[in-house]
Amino acid sequence: MQVVTSKEMQQLDQYTIETLGMKEELLMENAGRAAAGDIYDMYPEAHTAVIFAGKGNNGGDGFVIGRTLSSLGWNVYVYLLAEEDALSGGALYHKDLYRACGLPLTAGTGVPEPESPEEGIIYIDAMLGTGIHGELKEPFYSAAKWLNSVTAPVVAVDIPTGVPANEEELPGMAVNADATVILEAPTLSTYLYPASHYYGEIRIVPIGVPRASWNALDQKRQTWDLTDAAKSLPERTQESHKGDNGKGLLIAGAYNMPGAPAIASNACLHAGIGLLTTSVPASALSAVASHVLEATYFPLPETEDGQVADLQETPFPWDGMDGVAAGSGLGRTESTRVLTKRLLTETQTPLVLDADGLYFLPELEAEMANREHPLILTPHPGEMGRLTGLSPKEINAERFTVSREYARKFSCYLVLKGPNTIITTPEGRQYVSTSGSSALAKGGSGDALTGIVLAMMLQGPTLEEGVCNAVYAHGLAAEIAIREGISDYSFTASNLIDYLPKALAFIQAQKK
Ligand SMILES: NC(=O)C1=CN([C@@H]2O[C@H](COP(=O)(O)OP(=O)(O)OC[C@H]3O[C@@H](n4cnc5c(N)ncnc54)[C@H](OP(=O)(O)O)[C@@H]3O)[C@@H](O)[C@H]2O)[C@H](O)CC1
Ligand SMILES: [K+]
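Each chain carries its own residue numbering, running from 1 in the direction its sequence is written. Chain A is the first chain written and ligand 1 is the first ligand written, with later ones labelled in order. In keeping with the model being predicted, local features are shown solely for residues with a pLDDT of at least 70 and side-chain atom pairs are shown and tallied solely at 80 or more, while totals for entire chains, interfaces and linings include all residues. Think of the side-chain values as coming from all heavy atoms in the structure, minus any hydrogens and water.

**Section: the packing of helix α17 (residues 445–457) against helix α18 (residues 463–483)**
Step number 1: Contact geometry of α17 with α18 gives a least axis separation of 8 Å together with a crossing angle of 145 degrees. Relative to α18, the crossing made by α17 is right-handed. Packed against α17, whose contacting residues are Ser 445, Ala 448, Leu 449, Ile 452, Val 453, Met 456 and Met 457, the element α18 presents Leu 463, Gly 466, Val 467, Asn 469, Ala 470, Val 471, Ala 473 and His 474 at the interface.
Step number 2: Amino acids are sorted into nonpolar (Ala, Val, Leu, Ile, Met, Phe, Trp, Tyr, Cys and Pro), charged (Asp, Glu, Lys and Arg) and polar (every other residue, Gly among them). Classifying every residue of the contact of α17 with α18 by side-chain character gives eleven nonpolar, four polar and no charged. Between N-to-C directions, angles cover 0 to 180 degrees, with each direction set by a line fitted to C-alpha atoms, over the stretch in contact for helices. Going along the chain from the N terminus, every DSSP run of H or I of four or more residues is numbered as a helix, and every run of E of two or more is numbered as a strand. Less than a right angle of anticlockwise turn of the near helix away from the far helix marks a crossing as left-handed, whereas a clockwise turn marks it as right-handed. For this analysis, residues touch if any pair of their heavy atoms sits within 4.5 Å.

Structure, rendered in structure tokens:
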């Protein structure tokens, strides 16, 4: 599923209508019918739809939805928040067709005052979609405010009115929908916060945009969902050998931080790595090893208080490895700076850096730029802020753009964590993971992700798909745990590791 900007959506519509010759009215008919079908299925008890329509194409969709729901036996009523003569093109055609069918309509720029809601009514927001710019003007402002006050369900068509499609700030007023029926493809704001909250339940319906139109578009982003994970997760063959499933080195922890390497190692092992060597300061080793039985160990020199010591001469076993991950719990000392520099310049395999492993990167930009082997960074917005000099708020407002610029600049894979983690490749391709849960907002979740990324990037089929699958499986494990009754209050990284086998089994089962 592609994720688009409003401009890309317009290009797609334009190509379909102008180049391929599909009539605008037909595309709108497809869109409205698909949305109506979905709304009808979503609310089996409903019998009445009150539709608020704008004068643009979003409003046009509203008229098609009204006519279709009426054919299906519902009572419908449209409040057009514009004069009838303000409509043009497909919206005018469908308004006229709606009227010709004898269906009820009130038009005008005043604020509508529908009857108070009763059982079986749903409200449909077809006021503004991708054509919105800036703060909501009247009568849309008051209409949005009114819709936010009703107790009956409010379903938005394409985008809740007021919410921008792209990486823009939310205006002061927007429809807070219970559900949004997205037409053909989601826009950026579907996966940006706080905008995403306004969508409510997300439903995406295909509206018959021809493949040729999609092929003509420069496609830059897509979601990464269960189907993508199932398609790409490689099958294990009977004759596979532990050496075939990747040998990884994980460098993490300190005497007072044995949890980070233990969590990352267990997650890595449950995510399918063939062989794992865990490298921790010597005094943390027995604590970590007592929780991770399947790893081998490479103890690190340490300071008196059990932090990594000078690692300049440490003979790391780079050569025997297919991939390396480092960061969690290492601390932000000179030793970590030395280690990060050595990792960037000496490892000839994919390298994953997280947490303290990201800390010194602003000082090591030349080493990053000169690195010839894949580099995978997994920052949360705070860490991304440090990498770019922006605040976490600024990062979250422009997650797609900031990620792409950084990944391109340093030719790295960037996993920008958060609800709907975004994975960006060095070429700028972007994937938005659709899995995840509020339960993941906890210490230890990131450590688990580092381990899963280390394991799954080595399983392939490509590094890119392996990283996407790691992020997806991480989120899915949390989702399954919550579905099975674990509270998102109680959920810990240890639960995540326990549920990872179920998440992978669930993905594998989709292959069959
Ligand atoms: N995805 C598809 O392939 C299809 C989508 N369809 C639907 O079309 C809309 C986009 O339609 P468009 O006509 O471009 O735009 P809108 O209907 O969203 O809005 C246009 C009107 O909005 C007014 N406007 C803009 N900003 C504001 C504001 N802040 N306050 C009030 N009014 C605003 C604008 O008026 P101006 O006078 O300001 O220009 C326009 O009148 C998409 O979302 C889908 O629902 C197609 O139906 C099928 C294909
Ligand atoms: K809308």
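The rest of the description comes next.
**Things to note about helix α14 (residues 381–388)**
Step number 1: Exposure classes here rest on a 1.4 Å probe applied to the protein chains alone. A residue is buried below 20% of its type maximum, exposed above 50%, and partly exposed in between. Residues Pro 381, Glu 383, Met 384, Gly 385 and Leu 387 constitute the buried set of α14.
Step number 2: Next to the buried residues of α14 lie α12 (356–359), β14 (375–377), α15 (392–397), α16 (399–409) and β15 (413–416).
Step number 3: Residue Gly 389 follows α14 closely and has a positive phi angle near 80 degrees.

**Topic: the domain arrangement of the protein**
Step number 1: Split into domains, the protein comes out as domain 1 (6–219) and domain 2 (247–509).
Step number 2: The C-alpha-based centres of domain 1 and domain 2 are spaced at 41 Å.
Step number 3: Counting residues at the interface gives five residues for domain 1, matched by nine residues for domain 2.
Step number 4: In total, about 760 Å² of surface goes out of reach between domain 1 and domain 2, with carbon and sulfur atoms giving 58% of it.
Step number 5: Note on terms: buried area is the combined drop in 1.4 Å-probe accessible area of two parts once they are placed together, counting the loss on both. A per-residue breakdown of the area domain 1 buries against domain 2 is headed by Glu 167, Tyr 191 and Tyr 193, which together make up 76% of the total.
Step number 6: Any Lys or Arg side-chain nitrogen located within 4 Å of an Asp or Glu carboxyl oxygen qualifies as a salt bridge. Applying the counting rule to domain 1 against domain 2 returns zero salt bridges.
Step number 7: In protein, a polar contact requires one atom able to donate a hydrogen and another able to accept it; more generally it is a pair of N or O atoms within 3.5 Å, and residues adjacent in sequence count only if both atoms are side-chain atoms. Viewed at the interface, domain 2 and domain 1 are joined by four residue pairs in polar contact (both at pLDDT 80 or more). For the purposes of this description, domain bounds are those given by an automatic or database domain assignment.

**A few points about the sheet that holds strand β7 (residues 201–205)**
Step number 1: One bridge is not enough; two strands pair if DSSP finds at least two bridges between them. In spatial order, the strands read β3-β2-β1-β4-β5-β6-β7; together these seven strands make up an open sheet with parallel pairing. Only two strands of the sheet have a single neighbouring strand rather than two, namely β3 (105–107) and β7. Sheet twist, expressed as the average angle between the axes of neighbouring strands with direction ignored, equals 20 degrees.
Step number 2: Pairing of strand β6 (residues 179–183) with β7 involves five bridges; the strand directions are parallel. Bridge pairing in β7 places Ile 182 opposite Ile 204.

**Notes on the pairing of strand β1 (residues 48–53)**
Step number 1: Among the six residues of β1, six are classified as buried, and the element is accordingly described as predominantly covered.
Step number 2: Where burial is concerned, the two faces of β1 agree: the one with Thr 48, Val 50 and Phe 52 and the one with Ala 49, Ile 51 and Ala 53 are both buried.
Step number 3: Two elements, β1 and strand β2 (residues 75–80), share six bridges in a ladder whose sense is parallel. Residue pairing in the sheet places Thr 48 in a bridge with Asn 75 of β2.
Step number 4: Relative to strand β4 (residues 121–126), β1 runs parallel, the two being bridged by six bridges. Across the sheet, residue Ile 51 finds its bridge partner in β4, namely Ile 124.

**Quick notes on the coordination of the potassium ion (ligand 2)**
Step number 1: Listed as protein donors to the potassium ion (ligand 2) are Asn 58 (OD1), Asp 125 (O), Leu 128 (O), Val 157 (O) and Ile 159 (O); their distances from the metal cover 2.6 to 3.0 Å.
Step number 2: Counted as donors are the N, O and S atoms within 2.8 Å of the metal, or 3.2 Å for Na, K and Ca, while water is not among the atoms, so some sites may look incomplete. Sequence positions of the residues that donate to the potassium ion (ligand 2) give the spacing N-x66-D-x2-L-x28-V-x1-I. In this pair, Leu 128 sits in the loop between β4 and α5 (140–149) while Ile 159 sits in the loop between β5 (154–157) and β6, placing the two residues 31 residues apart along the sequence.

**Examining the pattern of salt bridges**
Step number 1: Enumeration over the complete set of coordinates arrives at 19 salt bridges.
Step number 2: For Glu 334, the salt bridge is made with Arg 337, and the minimal N-O distance between the two is 3.0 Å. Linking Glu 334 with Arg 337, this pair stays in helix α11 (residues 334–346), spanning three residues, or about one helical turn.
Step number 3: Look at Arg 337 and you get partly exposed, because its relative accessible area is 22%.
Step number 4: With its nearest N and O atoms 2.7 Å apart, the salt bridge here joins Arg 429 to Glu 464. You can see Arg 429 sitting in the loop between β16 (422–424) and β17 (430–433) and its partner Glu 464 sitting in helix α18, a full 35 residues away along the chain.
Step number 5: A relative accessible area of 35% places Arg 429 in the partly exposed class.
Step number 6: Taking the relative accessible area as the measure of exposure, Glu 464 reaches 14% and is therefore buried.
Step number 7: A network of salt bridges, in which partner residues are shared, links Glu 8, Asp 218, Lys 220 and Arg 221.

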